[in-house]
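Observations on the model geometry
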Amino acid sequence: MRRPRSLRLQVVLIASALVAAVSIVVGVVAVLSLHDYMLGQVDARLNGAAARGADIAGGRGPGPTSGTTPQTSPGATPAPTPPPRPSRNDVVGAPGQSAGTITAIFRDGAFELGGWIASDGVRHDLTAAQKKLLAARLPTGSADRTAPVTLDLGGSLGEYRVAGRTTPSGVGVVTALPLDSVAAVTGRLTLVVVLVGAACFVLAMAAAAVAMGRALRPLRRVAHTAAAVTAVPLDRGEVRLAERVDASDIASTAEVGQVGTALNDMLDHVESALAQREASESTMRRFVADASHELRTPLATIRAYAQLSERSDAEEREVRGNAALIDVEGVRMGALIDQLLLLARLDALPELARDEVDLRLLVAEAVLAARIAGAEHAWVMELGEDPALVRGDAADLRRVVDNLLANARVHTPAGTTVRVRLDEVRTGQTAGSVRLTVSDDGPGLPDAVRETVFERFARGETSRSREGGGTGLGMAIAKAVVEAHGGAIAVGEGPGATFVVTLPTARPDADPGGSGRITLEG
């Protein structure tokens, strides 16, 4: 698989490319601006040289002495004589001309004289090709001059700036100045621009590499943290994810901070999920162990009584007694299995019935049944006059009330008063709910039991042992049923054991003024 390019390399290349592009643009603009400026200076000098050359060709400038007036008779008017033609020396190397200046004179389109002067003062002739190129720059038509242009005259001359003029007498003069100074200056500037641009490019790459290295250092530490987490085995046992992105790295840059914060949040979430998984597995192991223990006891009892009944000398009355005890243990084991199945059903989050259930009637029936089973206890029931409606499964809710009442009856001594109170909460955080409170004035719950009372197979001290007939699943079932109905169950404060169940009401428009209550004692 192709290895992806690093972010650092990409940023360095992009930054360097931008610096190079800016350097090229600035260099080209600088060189072209200087070239145009110097070309303008050459054109100004060329116009001056062309004007002087036209004057010399027209006989108005420095050159040979003016023509002599012919002898005439006394009193006669002398006839005008045409200006003398300048010589080659008058045209090439005239005063004011710089080295390399070319001057060529044309009459009737034909080359008459001309040449160029070197820096050592030596005059040189023009080649036929150069004469032809210069002749092409003569003005045509009614124009008396041509704009300066750049021509490559070849040979040892190279590029020249050329302009042509026509004198009033019709003589054509072409003047040219060398561009070697312009080429030398622009060439030197181009070299400087290239060298400076290359240096800037190298410095930009180095600076970008260093800056990106420092900027990405926290990101590399974030990647190191993630890599360290991947090395931790997560498939079994208690897992501790101690690796976290350091706060200094999170505060380094906004982007690294976002990645680091997201990674820390994810690690916290994963660690919490793994802790919940471990707790769930531990609970499941403890649940399986407790369930096995609870089932092993009645099974051992059944096996023992069955073996006693199989003896050849066993009497009929003894066999009947063993059978009765086997039936009792079978019923107990069946009840335990039913409770385990109920918890499994609730753990599977089934779709519960959503019927309207009047808790007032349901609690009243449960208390009356508890009075029959626990006649040695005093039962006090306080119910409202209006129906306390909730939505849910009536059978499951009745099981919650039965378990709470059975817990109070079984685990308290005779003579204990058990109070059952039903209220509709209209204020506070639980407003719009029904609250069921079951309390007694017995010995209460030990502090250690308060923390585990709703766990499966949870038992307290000896008074809450298996001898009382409990399996340790009643409160766990009550909690599971209440939470499946969207409610909550908790241990309350009181002189004895107090349990408070809160369920959302099905009567959000209940009259807040209703306060009548029905109280039953017995």
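Calculation notes
- Residues numbered from 1 in each chain as written.
- Predicted model: local features only at pLDDT ≥ 70, side-chain atom pairs only at ≥ 80, totals over all residues.
- Heavy atoms only, no water.
- Salt bridge = Lys/Arg side-chain N within 4 Å of Asp/Glu carboxyl O.
- Helix = DSSP H or I, 4+ residues; strand = E, 2+ residues; numbered from the N terminus.
- Buried < 20%, exposed > 50% of the residue type's maximum accessible area, 1.4 Å probe, protein only.
- pLDDT = per-residue confidence, 0-100.
- Contact = heavy atoms within 4.5 Å.
- Core = buried A, V, L, I, M, F, W, Y, C linked by side-chain atoms within 4.5 Å.
- Pairing = 2+ DSSP bridges.
- Patch = residues over 30% accessible without salt bridge, like charges linked within 9 Å, V, L, I, M, F, W, Y side chains within 5 Å.
- Areas by Shrake-Rupley, 256 points an atom, 1.4 Å probe, with all protein chains shown as cover.
- Lys, Arg positive; Asp, Glu negative; His and termini not counted.
- Charge placed at Lys NZ, Arg CZ, Asp CG, Glu CD.

Summed over all chains, the structure comprises 12 salt bridges. A salt bridge links Glu365 to Arg398, with the nearest nitrogen and oxygen atoms 3.7 Å apart. Placement of Glu365 in helix α8 (residues 359-373) and of Arg398 in helix α9 (residues 394-410) is noted, with a sequence separation of 33 residues between them. For Arg398, a relative accessible area of 24% puts it in the partly exposed group. Between Glu382 and Arg421 there is a salt bridge whose closest N-O contact spans 2.4 Å. Placement of the pair is Glu382 in strand β8 (residues 378-384) and Arg421 in strand β10 (residues 417-425), with a sequence separation of 39 residues. Overall, the relative accessible area of 34% leaves Arg421 in the partly exposed class. A single network of salt bridges, built from pairs that share partners, joins Glu382, Arg419, Arg421 and Asp423.

What follows is about the confidence of the model for the chain. Looking at the chain, pLDDT values average 80 and 86% of them are 70 or higher. Considering only residues more than four positions removed or in separate chains, one finds that residues 461-469, a stretch of pLDDT under 50, has 15 contacts. Note on residues 510-516: pLDDT is under 50 here. Beyond four places in sequence and across chains, it has 7 contacts.

With that settled, the discussion passes to the nonpolar core. Across soluble globular proteins, nonpolar side chains show a tendency to be buried alongside one another. The biggest cluster of nonpolar side chains holds 48 residues, and the ones touching the most others in it are Leu359, Leu404, Leu405, Leu436 and Phe499. Top contributing element to this core by residue count: α8, with 7 residues. Not counting chain neighbours up to four residues away, the residues in contact with Leu359 comprise Ala388, Val390, Leu397, Leu422, Val434 and Leu503. In terms of nonpolar packing, the next biggest core, distinct from the first, is built from 14 residues, Ala104, Ala118, Leu138 and Ala176 among them.

Most of strand β11 (residues 433-440) sits inside the fold, with 7 of its 8 residues counted as buried. Relative to β11, β10 runs antiparallel, the two sharing 8 bridges. Across the sheet, Val420 pairs through a bridge with Val438, a residue of β11. Here 7 bridges tie β11 to strand β13 (residues 498-504), and the two strands are oriented antiparallel to one another. Counted as the bridge partner of Ser433 is Pro504 from β13.

Next up on the list: a positive patch on the surface. A contiguous patch of positive charge, built from Arg8, Arg214, Arg217 and Arg220, is present on the exposed surface. Sorting elements by how many residues they give to the positive patch places helix α4 (residues 180-230) first, with 3 residues. By the secondary structure assignment, Arg214 is in helix α4. Taking relative accessible area as the criterion, Arg214 reaches 60% and is therefore assigned exposed.

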